[in-house]
Amino acid sequence: MALEVFEMSFKDGTTRRGIAWPLKDAKANVVIVTGMEETARRYDDFATFLNKHGYAVYCLDHFGQGENIELNGEGTWEPSGFRKMVNCVDELIYKLRISCKPTIIFGHSMGSFIVQDYIQRYSAHVLKAVICGSNGKRFGVNFADHLTKLLVNKKNYNKKSKLFAKLALGSNNNRIPNKKTEFDWLSANEENVQRYIDDPKCGCGSTNGFYHEFFKGLNRLHSPRFLSKIRKDLPILLIAGKDDPVGNYGKGVLNLEKTYKKYNLENVETILYDGMRHEVLNEQDNARVYNDVLNFLEK
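Residues numbered from 1 in each chain as written. Predicted model: local features only at pLDDT ≥ 70, side-chain atom pairs only at ≥ 80, totals over all residues. Heavy atoms only, no water.

### A closer look at the overall build of the protein chain
Each helix and strand counted, the protein chain has 11 helices and 8 strands in total. For the protein chain, contacts bridging at least 24 residues in sequence account for 74% of all contacts bridging at least 6. About 13,400 Å² of surface is accessible on the protein chain, with carbon and sulfur atoms providing 50% of the total. Of the charged side chains in the protein chain, 43 are positive and 36 negative, and the gap between their average positions amounts to 7 Å. (Helix = DSSP H or I, 4+ residues; strand = E, 2+ residues; numbered from the N terminus. Contact = heavy atoms within 4.5 Å. Areas by Shrake-Rupley, 256 points an atom, 1.4 Å probe, with all protein chains shown as cover. Lys, Arg positive; Asp, Glu negative; His and termini not counted. Charge placed at Lys NZ, Arg CZ, Asp CG, Glu CD.)

Next up, the structure:
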């Protein structure tokens with residue numbers, strides 16, 4: 001099914017656009033939550049694959065990204081944007097549930113942290129969750145949260161931030177030999193990295209306000225009070241590249257699995273891919289990743 005742009009108005013008063021790959025008589029829906037500084041359109045190949053196997057796919061772009069740049073301004077986020085994104089995703093899922101089809105949530109990178117929050121609030125609303133390119137509890141998130149509270153204000157909220165970009169992303173290329181671009185950490189697939197660089201809606205920088213809201217959202221993810229709310233029988237698949245700096249080269253992903261099992265989640269599976277970096281869906285051997293995700297969906 002060809003992709004199409006859709007637009008929704010939400011209870012918080014915001015309007016958001018995204019991309020859909022609808023499918024008549026789908027056996028289930030998959031809602032994708034993207035990473036930062038990318039677009040829903042980048043999931044066209046993966047969504048088309050899922051369509052071929054009977055799944056309808058929907059992907060909301062974040063504030064200031066993709067189809068929303070002309071609505072919100074490039075790289076900007078609403079105040080309380082992390083929480084609003086979680087709630088907007090749930091409103092989309094609620095709308096899809098009216099069709100009486102089960103829904104699976106899939107989050108990549110920043111979207112994976114949105115999904116971590118989502119399942120703490122609304123795990124009863126989804127059949128399964130896939131968390132891609134993520135991490136567990138990270139040293140320094142609390143400090144970053146406090147730093148943004150000190151430095152971000154109304155005057156600089158919507159200004160692009162070099163400081164926080166360096167804090168969040170600056171070390172991601174450190175382990176890559178013979179690096180050619182600042183985005184080599186995204187993928188070992190050089191063609192994918194170049195497509196990202198060539199896309200005017202990718203890698204364009206985020207604002208102080210974005211980082212303020214993002215670090216605030218990250219800082220609540222590992223509270224025992226919230227982790228204990230995830231339903232114990234929710235099937236969760238964690239996938240990541242072993243060479244992904246976002247997941248501390250696999251260690252952070254395994255730590256997240258350990259955390260979920262500590263809270264007695266019964267069905268958590270982790271797959272780490274040798275030779276792959278952050279965007280496992282876009283590596284040259286992505287067919288293996290696609291099929292692993294499909295096998296999880298169809299269990």
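There is more to say after this.
### Regarding the pairing of strand β2 (residues 15-21)
Of all 7 residues in β2, 6 are buried, a share of seventy percent or more. Two strands pair when backbone bridges link them, and strand β1 (residues 4-9) and β2 are joined in this way by 6 bridges, in the antiparallel orientation. The residue bridging S9 from the neighbouring strand is T15, located in β2. Hairpin connection from β1 to β2: 5 residues lie between these consecutive antiparallel strands, with G13 at a positive phi of about 90°. In this sheet, strand β4 (residues 55-60) lies alongside β2 in antiparallel orientation, the contact comprising 4 bridges. Within β4, the residue paired with W21 across the bridge is V57. (Buried < 20%, exposed > 50% of the residue type's maximum accessible area, 1.4 Å probe, protein only. Pairing = 2+ DSSP bridges.)

### Looking at the pattern of salt bridges
By the definition in use, this model includes 18 salt bridges. Measuring nitrogen to oxygen at the nearest pair gives 3.0 Å for the salt bridge that ties R17 to E70. Taken together, the residues span a long stretch of sequence, with R17 in strand β2 and E70 in helix α2 (residues 69-72) at a distance of 53 residues. Linking D117 and R220 is a salt bridge whose minimum nitrogen-to-oxygen distance equals 2.8 Å. (Salt bridge = Lys/Arg side-chain N within 4 Å of Asp/Glu carboxyl O.)

### Considerations on the packing of helix α1 (residues 44-52) against helix α11 (residues 286-297)
Contact pair α1 / α11: the axes reach a minimum separation of 11 Å and the direction vectors enclose 45°. Here α11 runs oblique to α1, going by the angle between their axes. In this structure, α1 crosses over α11, and the sense of that crossing is right-handed. Across the interface between the two elements, D45, F46, F49 and L50 from α1 touch N286, Y290, N291, V293, L294 and L297 from α11. Along the lines of polarity and charge, the residues of the contact of α1 with α11 split into 7 nonpolar, 2 polar and 1 charged. (Axes fitted to C-alpha atoms, helices over the stretch in contact; angles between N-to-C directions. Parallel < 35°, antiparallel > 145°, perpendicular 65-115°, else oblique. Left-handed = near helix turned anticlockwise from the far one by under 90°. Nonpolar A, V, L, I, M, F, W, Y, C, P; charged D, E, K, R; others polar.)

### A few points about helix α7 (residues 190-198)
Of the positions making up α7, those classed as buried are N192, V193 and Y196. Along the axis of α7, the buried positions cluster into a sector of 100°, meaning they face one direction only. Pointing more than 90 degrees away from the buried face of α7 are the exposed residues E190, E191 and D198. (Arc of directions from axis to C-beta.)

### Quick notes on the packing of helix α5 (residues 141-151) against helix α8 (residues 208-218)
Where α5 contacts α8, the axes come no closer than 8 Å and their chain directions differ by 145°. Considering only the axes of α5 and α8, their crossing is left-handed. Between α5 and α8, the residues in contact are V141, A144, D145, T148 and K149 and Y211, H212, F215, K216 and L218, respectively. In terms of residue class, the contact of α5 with α8 is made up of 5 nonpolar, 2 polar and 3 charged.

### Details of the nonpolar core
One finds I105, I119, I236 and Y260 to be the most contacted residues of the largest nonpolar core, which totals 55 residues. Here I236 is in contact with I119, A129, I131, Y260, L265, N267, V268, E269 and F296, once residues within four sequence places are set aside. Grouped together as the second largest cluster of nonpolar side chains are 31 residues, A28, V57, V130 and M276 included. (Core = buried A, V, L, I, M, F, W, Y, C linked by side-chain atoms within 4.5 Å.)

### Quick notes on a nonpolar patch on the surface
A cluster of nonpolar side chains, contributed by L150, L151 and L163, occupies part of the molecular surface with about 320 Å² of accessible area. As for its placement among the helices and strands, L163 is situated in helix α6 (residues 162-169). (Patch = residues over 30% accessible without salt bridge, like charges linked within 9 Å, V, L, I, M, F, W, Y side chains within 5 Å.)

### Here we look at the environment of E191
Relative to the helices and strands, E191 resides in helix α7. The exposure class assigned to E191 is exposed, which follows from its relative accessible area of 57%. E191 sits 92 residues away from E283 along the chain, and the two C-alpha atoms are 9.3 Å apart.

### Describing the packing of aromatic side chains
Counted by the stated rule, this structure contains 14 aromatic pairs. Ring centres 5.5 Å apart and planes at 20° place the aromatic pair F210 and F214 in the stacked group. Remark: F214 and F210 occur in helix α8; sequence separation between them is 4 residues, near one turn of the helix. Assigned by exposure class, F210 and F214 land together as buried. Three or more aromatic residues joined by ring pairs make a cluster, and in this case those are W77, F82, F113, F164, F210, Y211, F214 and F215. Sitting over the face of the ring of F63, R16 holds its NZ or CZ atom 3.7 Å from the ring centroid. (Phe/Tyr/Trp six-rings, centres within 6.5 Å; stacked < 30°, edge-to-face > 60°. Lys NZ or Arg CZ within 6 Å of the ring centre and 35° of its normal.)

### A word on the side chain of T207
Assignment of secondary structure puts T207 in the loop between α7 and α8. Among all residues touching T207, those that are not within four sequence positions of it are E74, G75, T76, W77, Y157, N158, K159, K160 and S161.

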